[in-house]
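Single-letter residue listing:
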Amino acid sequence: MKVVAPVESHDDHFFWAGAKEGRLLIQRCSSCGTLRHPPAPMCGACLSTDWDAQEASGRGTVYSWILSKHPTREDAEPRVVALIELEEGTRLVSNLVDTEPAAIENDMAVEVCFVEANDGQVVLPQFRPAGAAGGGATR
Ligand code: ZN
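What this report covers is the structure whose coordinates are included nearby. Counting starts from 1 at the beginning of each chain's written sequence and moves along it residue by residue. With the structure being a predicted model, the display of local features is reserved for residues of pLDDT at least 70 and the display and counting of side-chain atom pairs for 80 or more, all residues being used for whole-chain, interface and lining totals. Calculation of side-chain values draws on the structure's entire complement of heavy atoms; hydrogens and water are dropped beforehand.

1. Points about the overall build of the protein chain
When helices and strands are counted, the protein chain shows one helix and eight strands. Numbering of helices and strands runs from the N terminus, with a helix taken as a DSSP run of H or I at least four residues long and a strand as a DSSP run of E at least two residues long. Overall, the protein chain shows an N-to-C arrangement of helices and strands of α-β-β-β-β-β-β-β-β. Each radius of gyration reported is based on C-alpha atoms, and the globular scaling rule is 2.2 Å times the count of residues to the power 0.38. In summary, the protein chain has a C-alpha radius of gyration of 16 Å against a globular reference of 14 Å for 139 residues, a match within 12%. Residue burial in the protein chain is summarised as follows: out of 139 residues, 37% are buried. When contacts within the protein chain are restricted to residue pairs at least 6 apart in sequence, long-range pairs at least 24 apart make up 49% of them. By element, 50% of the accessible surface of the protein chain is carried by carbon and sulfur atoms, the whole surface being about 8000 Å². Charged residues are defined here as Lys and Arg on the positive side and Asp and Glu on the negative side; His and the ends of the chain fall outside this count. A charged residue contributes its charge at one atom only: NZ of Lys, CZ of Arg, CG of Asp or CD of Glu. Across the protein chain, the mean location of the 12 positive side-chain charges is 2 Å away from that of the 20 negative side-chain charges. The rule is simple: take the accessible area with a 1.4 Å probe, protein chains only, and divide by the maximum for that residue type; under 20% is buried, over 50% is exposed, in between is partly exposed. In this description, contact between two residues means that some pair of their heavy atoms is separated by no more than 4.5 Å. We get accessible surface area from the Shrake-Rupley algorithm with a probe of 1.4 Å; when it comes to residues, only the shown protein chains can shield them.

2. Thoughts on the coordination of the zinc ion
The zinc ion binds to the protein through Cys 29 (SG), Cys 32 (SG), Cys 43 (SG) and Cys 46 (SG), with metal-donor distances spanning 2.3 to 2.4 Å. Relative to the metal, the four donor atoms surrounding the zinc ion lie at angles of 101 to 114°, and the coordination shape comes out tetrahedral. Distances define the donors: N, O and S atoms within 2.8 Å of the metal qualify, as do those within 3.2 Å of Na, K or Ca. Water is excluded, so some sites may look unfinished. Between the donor residues of the zinc ion, the gaps in sequence give the motif C-x2-C-x10-C-x2-C. Linking Cys 32 in the loop between strand S1 (25-29) and strand S2 (35-36) with Cys 46 in the loop between S2 and strand S3 (51-55), this pair joins segments that are 14 residues apart in sequence. Each label reflects the angles at the metal, where four donors whose angles all fall between 85 and 135 degrees are tetrahedral, four or six donors whose opposite pairs open beyond 155 degrees and whose other angles stay between 65 and 115 are square planar or octahedral respectively, and the rest are irregular.

3. Some thoughts on the sheet that holds S2
DSSP bridges decide pairing: two strands pair if at least two such bridges lie between them. With antiparallel pairing, the three strands of this open sheet are ordered in space as S2-S1-S3. Sheet topology places S2 and S3 at the edges, where each strand pairs with a single neighbour. Here S1 runs beside S2; their pairing, made up of two bridges, is antiparallel. Bridge pairing in S2 links Gln 27 to Arg 36. To get an axis, fit a line to the C-alpha atoms, keeping to the stretch in contact for a helix; angles then go from 0 to 180 degrees between the N-to-C directions. Contacting S1 and S3, helix H1 (residues 13-20) runs over the sheet at an angle of about 145° to S1.

4. Observations regarding unusual backbone geometry
The omega torsion across His 37 and Pro 38 is 5°, close enough to zero to call that bond cis. Here Pro 38 shows up in the loop between S2 and S3. You will see that Asn 118, though not glycine, has its phi angle at about 50°, which is positive. Examined against the element boundaries, Asn 118 turns out to sit in the loop between strand S7 (109-117) and strand S8 (122-129).

5. A short note on the layout of surface pockets
Both site types are read off a 1 Å grid over the protein atoms alone. A 1.4 Å probe that fits but cannot get out defines a cavity, while an open set with protein on both sides within 12 Å along at least five of seven lines defines a pocket; lining residues have an atom within 4 Å of a point. Grid points are joined across faces, edges and corners, and a volume is the space filled by probe spheres set on the points. Approximately 1200 Å³ is the volume attributed to the largest pocket. What lines the largest pocket is a set of 37 residues, and nearest its centre among them are Met 1, Val 3, Arg 79, Asn 95 and Gln 126. Those elements giving two or more residues to the lining of the largest pocket turn out to be H1, strand S4 (59-68), strand S5 (79-86), strand S6 (91-96) and S8. Residue contributions to the lining of the largest pocket peak at five residues, all from S6. As a working rule, the residues Ala, Val, Leu, Ile, Met, Phe, Trp, Tyr, Cys and Pro are called nonpolar, Asp, Glu, Lys and Arg charged, and the rest polar, with Gly in that last group. Each residue belonging to the lining of the largest pocket can be placed in one class, and the counts come to 21 nonpolar, seven polar and nine charged.

6. Here's the deal with the side chain of Ser 94
Its location among the elements puts Ser 94 in strand S6. Take Ser 94: its relative accessible area is 6%, and that puts it in the buried class. N or O atoms closer than or at 3.5 Å make up a polar contact, with two conditions inside protein: a donor-capable atom paired with an acceptor-capable one, and, for residues adjacent in sequence, both atoms drawn from side chains. Separated by 3.0 Å, the side chain of Ser 94 and the backbone oxygen of Pro 125 make a polar contact. The residues touching Ser 94, leaving out its near neighbours within four places in the chain, are Val 80, Val 81, Ala 82, Ile 84, Pro 125, Gln 126 and Phe 127.

The following block contains the structure:
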């Protein structure tokens, strides 16, 4: 799979480095403990700029989703873009894989998986139905 590689910054380098290690890391305010995603330089709850990262369990539920189709490329496969609510309480936008749109429901249990792109140069945290481990392109 080919994707536009993420442009990493000081604030989100940890997220992409974690993904390459097969870990889903979420930014956490060091002062008040609030989790936030996407990563940002300042806590929206207490305005602290001190932060670290917490490894998420990778378990969550589908909060909402859409089926995305490229507007001009007929050969591009549609993909499911989902807002995932992690069990830690924060949400992130990702893709749902190893499932069909007809099988997707809000609140369905999902788990993180890691998909390599660009010949392994990029690793994308994505989600699949919980218990669906064993897919070909995911780990
Ligand atoms: Zn805070």
